[in-house]
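Analysis of the macromolecular model
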Amino acid sequence: RSHEIKFARRSRLADLLTAACWTSAAASVALFLAYGGAHQFTTTAQAATSIGIIAGLIGTDLILVMIVLAARLPIIDRAVGNDRAMALHRSLGKPALYLILGHVVFLLVGYGMTTKVNPVAEIVPMWLINDMPLAFVGMGLLIAVVITSLVAVRRKFSYEAWHLIHLLSYVAVLGALPHELSVGGLLAVGTYQRTYWILLYILALGAIGIYRFIIPVARSVRHDVRVSRVERVSHDVVSIYLKGRDLTALGSDGGQYFVWRFWSAGTWWHSLPISLSAVPTNQTARITVRAL
């Protein structure tokens, strides 16, 4: 009964998390409209441009939200579980890409209508605007990330190759930031709109930096986990015995998984989720791995 209650609670929290993600996107649109965007629909050209801006704001907002969901924030993992957070992360990928592509298309149409230039030909003058080349590069990287995440395409890559490509999403986000702050006065200094976006960027990139890099490295150094011996259980299963210090401080139990990286010549670039196969003591732990 308690398990059912806990599952129902997590389901409700997952629904709230989904609502919060889309509320964040709605807030970005509301701020744009509040700071003059609502008056930029008087002509067809202005309407096309404004729709493009809105699509870009929502798409970028969703990408930053996806980064937060993937950062393994303790408050999110404890509330809904990493599996639900990552499922929501994946579900936002395609909408974000479509919105970013719509952002580019509508801006080209809107600018082309304003300058009486063919939308395709408008690409060249748009490319020459300050910070726009970085934005185009970021969009290209984002397209690569989403395409390689499609199941049919992802099967053709090793996990490590796919993960390396996926990391380019951080570069894509950073590439988009300069043009957001400089082009068209959209995020003018001193506005709540600019503050909102800067805080969202800090949250997303700060969460990744702290919880995916700094804390894991600090824990590795603190607990000094090393392989003590390897025992073959069967022809395709081995148990890896580990030693370290103050391992009970991790608060882990048998069956829970860690993401492991073994610092040997052939494995240092592999990041593998493997469960503990025994309750850890203060100085020992064990994982059991099957060759797949």
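As a starting point, this report considers the structure included with it. Because the structure is predicted, anything quoted here is derived from the model rather than measured. Counting of residues starts from 1 at the beginning of each chain's written sequence and follows it residue by residue. The model is predicted, so local features are restricted to residues of pLDDT at least 70 and side-chain atom pairs to those at 80 or more, both for listing and for counting; the totals for chains, interfaces and linings are taken over all residues. Hydrogen atoms and water are omitted, and side-chain values are computed over all heavy atoms in the structure.

1. Some thoughts on the pattern of salt bridges
Between side chains of opposite charge, a pair can form as their charged atoms come close. Rules: Here, a salt bridge means any Lys or Arg side-chain nitrogen found within 4 Å of an Asp or Glu carboxyl oxygen. Each helix corresponds to a stretch of at least 4 residues labelled H or I by DSSP, and each strand to a stretch of at least 2 residues labelled E; elements are numbered beginning at the N terminus. Only protein chains enter the area calculation, which uses a 1.4 Å probe; residues under 20% of their type maximum are buried, those over 50% are exposed, and those in between are partly exposed.
Taken as a whole and judged by the stated rule, the model has five salt bridges. Between R245 and D224 there is a salt bridge, and its shortest N-O distance comes to 3.7 Å. Here D224 lies in the loop between α11 (192–223) and β1 (226–234) and R245 lies in the loop between β2 (237–243) and β3 (257–260), a separation of 21 residues in the sequence. On the basis of relative accessibility, which here comes to 43%, the residue R245 falls in the partly exposed class. The class for D224 is partly exposed, based on a relative accessible area of 28%. One salt bridge connects D236 with R290, and the closest N-O pair in it is separated by 3.2 Å. Of this pair, D236 sits in the loop between β1 and β2 while R290 sits in strand β5 (residues 284–290), placing them 54 residues apart in sequence. With a relative accessible area of 18%, D236 lands in the buried category.

2. With respect to the packing of aromatic side chains
Think of a pair of aromatic rings as described by two things: how far the centres are apart, and how the planes are tilted against each other in angle. Where we set the bar: Between the rings of Phe, Tyr and Trp (Trp by its six-membered ring), a pair exists once the centres lie within 6.5 Å; its type follows the angle of the planes, with under 30 degrees stacked, over 60 edge-to-face, and the other angles tilted. Note on geometry: a ring has a charge over it if NZ (lysine) or CZ (arginine) is within 6 Å of the ring centre and within 35 degrees of the ring normal.
A full pass over the atoms with the stated rule returns four aromatic pairs. By way of ring pairs, the aromatic residues F258, W260 and F262 are connected into one cluster. Sitting over the ring of F7, R84 keeps its end group 5.0 Å from the ring centre. Of note, R229 hangs over the ring of Y241, and the distance from its end group to the ring centre comes to 3.8 Å.

3. Let's talk about the environment of G37
Relative to the assigned elements, G37 resides in the loop between α1 (2–34) and α2 (44–70). You can call G37 buried: its relative accessible area is 0%. For the pair formed by G37 and I51, sequence separation is 14 residues and the distance between their alpha carbons is 9.9 Å.

4. Examining unusual backbone geometry
The phi torsion at D131 lies on the positive side, around 75°, for a residue other than glycine. Among the structural elements, D131 can be located in the loop between α6 (123–127) and α7 (132–149). A residue is classified by how much of its surface remains accessible, and D131, at 27% relative accessible area, is partly exposed. Phi is positive for D224, close to 45°, though the residue is something other than glycine.

The quantities given are spatial measurements derived from coordinates; they are silent on function.
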